[in-house]
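A structural walkthrough
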Amino acid sequence: MLQHKVSGVLFSFMSYGLLLWFRFGNDDLRIFYGLGMVVFIALLIAGHTGSILTHGVNYILAPLMKSTAAKDPETQSVYELAVRPVLEGKCFSCHNESKAKGKLIMTSAEKFRQGGKSGPAWVAGEPDSSRMIRYIHLPLEHDDHMPPDGKPQLSSFEISLLESWIRSGADFQQKLTDYPVSDTLVTLTQIVLGAQQKGVSNVS
């Protein structure tokens with residue numbers, strides 16, 4: 001990412017310049033502290049753009065921006081209630097507007113539907129034929145395994161949830177009441193909602 005590279009180089013030169021000023025400059029501390037503040041801002045910019053590369057957009061600010069309102073199954077889709085949080089935690093860091101691995105963007109429902117350079121990420125109703133599910137089940141050391149080695153991995157529960165969502169049609173709009181009560185996706189979503197009510201962020 002060009003912004004991270006440029007900000008990192010600028011931060012390095014500015015830090016060296018601040019060191020030279022500290023050793024050979026005049027005794028005006030106001031100038032020194034002013035330059036120090038500029039260097040600190042450069043550090044923040046370099047760190048923020050770096051976090052976008054490794055963890056996705058708004059990684060640093062996301063905890064502050066998240067809504068504390070409880071999710072409402074009456075108004076929100078199953079995708080928003082249960083599926084998106086899994087993708088956000090395990091997939092968005094590599095598949096976003098700034099870093100689209102395999103040209104697949106998952107942060108936008110429309111672009112997620114379009115798929116990546118290898119085609120659609122899933123086949124509605126057929127999780128076993130869906131590329132994203134096949135990649136999840138590849139050995140960890142395989143180049144195509146998702147998420148890559150070194151990234152937080154999906155739990156067996158999360159995998160089952162994604163498989164059930166695809167099996168049930170991979171719909172982004174349907175609410176909990178739109179599915180048959182016997183649908184496995186309903187059961188898994190209710191478990192997620194129960195965990196959220198207890199303040200548990202991840203379901204294993």
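Residues numbered from 1 in each chain as written. Predicted model: local features only at pLDDT ≥ 70, side-chain atom pairs only at ≥ 80, totals over all residues. Heavy atoms only, no water.

**Thoughts on the overall build of the protein**
Scanning the protein from terminus to terminus reveals eight helices and zero strands. Taking all contacts inside the protein whose residues are at least 6 apart in sequence as the whole, residues at least 24 apart take part in 53%. Total accessible area on the protein is roughly 12,500 Å²; 59% of this is exposed by carbon and sulfur atoms. (Helix = DSSP H or I, 4+ residues; strand = E, 2+ residues; numbered from the N terminus. Contact = heavy atoms within 4.5 Å. Areas by Shrake-Rupley, 256 points an atom, 1.4 Å probe, with all protein chains shown as cover.)

**Topic: the layout of surface pockets**
Here the second largest pocket defines a volume of roughly 390 Å³. Together, 23 residues line the second largest pocket, and His95, Lys101, Gly102, Tyr135 and Met146 are the ones closest to its centre. Take the lining of the second largest pocket: its biggest share by element is three residues, from helix α6 (residues 131-136). Class assignment for the residues of the lining of the second largest pocket results in ten nonpolar, seven polar and six charged. (1 Å grid on protein atoms, 1.4 Å probe; cavity = no way out; pocket = protein on both sides within 12 Å on 5 of 7 lines; lining within 4 Å. Points joined across faces, edges and corners; volume = space filled by probe spheres on them. Nonpolar A, V, L, I, M, F, W, Y, C, P; charged D, E, K, R; others polar.)

**What about a nonpolar patch on the surface?**
Taken together, Met37, Phe40, Ile41, Leu43, Leu44 and Ile45 make up a surface patch of nonpolar side chains, about 560 Å² in accessible area. Tracing the chain through its elements places Leu43 in helix α2 (residues 29-55). Its relative accessible area of 40% is what places Leu43 among the partly exposed residues. (Patch = residues over 30% accessible without salt bridge, like charges linked within 9 Å, V, L, I, M, F, W, Y side chains within 5 Å. Salt bridge = Lys/Arg side-chain N within 4 Å of Asp/Glu carboxyl O. Buried < 20%, exposed > 50% of the residue type's maximum accessible area, 1.4 Å probe, protein only.)

**Looking at the nonpolar core**
Within the largest apolar cluster, 36 residues are counted, with the highest numbers of intra-cluster contacts made by Leu87, Met106, Phe112, Trp122, Met132, Leu162 and Trp165. Broken down by secondary-structure element, the contributors of at least two residues to this core are α4 (78-90), α6, α7 (156-167) and α8 (184-197). Considering every element that reaches this core, the biggest residue donor is α4, with seven residues. The contacts of Met132, once residues within four sequence positions are left out, are Leu87, Met106, Phe112, Ala121, Trp122, Met146, Leu162 and Ile166. (Core = buried A, V, L, I, M, F, W, Y, C linked by side-chain atoms within 4.5 Å.)

**Let's talk about the environment of Asp171**
Assignment of secondary structure puts Asp171 in the loop between α7 and α8. For Asp171, a relative accessible area of 26% translates into the label partly exposed. In this structure, Asp171 is in contact with Tyr79, Trp165 and Tyr179, ignoring residues within four places of it in sequence. From its side chain, Asp171 meets the backbone nitrogen of Gln173 in a polar contact 2.6 Å long. (Polar contact = N/O pair within 3.5 Å; in protein donor to acceptor, adjacent residues only side chain to side chain.)

**Brief notes about the side chain of Thr189**
Structurally, Thr189 is set in helix α8. The exposure class assigned to Thr189 is buried, which follows from its relative accessible area of 0%. Not counting the four nearest positions on each side in its chain, Thr189 is found in contact with Val78, Leu81, Ala82, Leu161 and Leu176.

**With respect to the packing of aromatic side chains**
Applying the stated criterion across every chain yields a total of eight aromatic pairs. The interplanar angle of 70 degrees and the centroid separation of 4.7 Å between the aromatic rings of Phe112 and Trp122 together place this pair among those described as edge-to-face. Placement of the pair is Phe112 in helix α5 (residues 109-114) and Trp122 in the loop between α5 and α6, with a sequence separation of ten residues. The exposure class of Phe112 is buried, given its relative accessible area of 0%. In this structure Trp122 comes out as buried when scored by relative accessible area, which is 12%. Residues Trp165 and Phe172 carry aromatic rings whose centres are separated by 5.3 Å and whose planes lie at 90 degrees to one another, so their mutual orientation is edge-to-face. A single burial state applies to Trp165 and to Phe172, both of which are buried. Every member of this aromatic cluster is reached through a ring pair, and the members are Tyr79, Phe112, Trp122, Trp165 and Phe172. (Phe/Tyr/Trp six-rings, centres within 6.5 Å; stacked < 30°, edge-to-face > 60°.)

**Focus on the pattern of salt bridges**
Tallied over the full model, the rule gives two salt bridges. Between Lys90 and Glu158 there is a salt bridge whose closest N-O contact spans 2.8 Å. Of the two residues, Lys90 is situated in helix α4 and Glu158 in helix α7; the sequence distance between them amounts to 68 residues. Here Lys90 and Glu158 have matching classes, each one buried.

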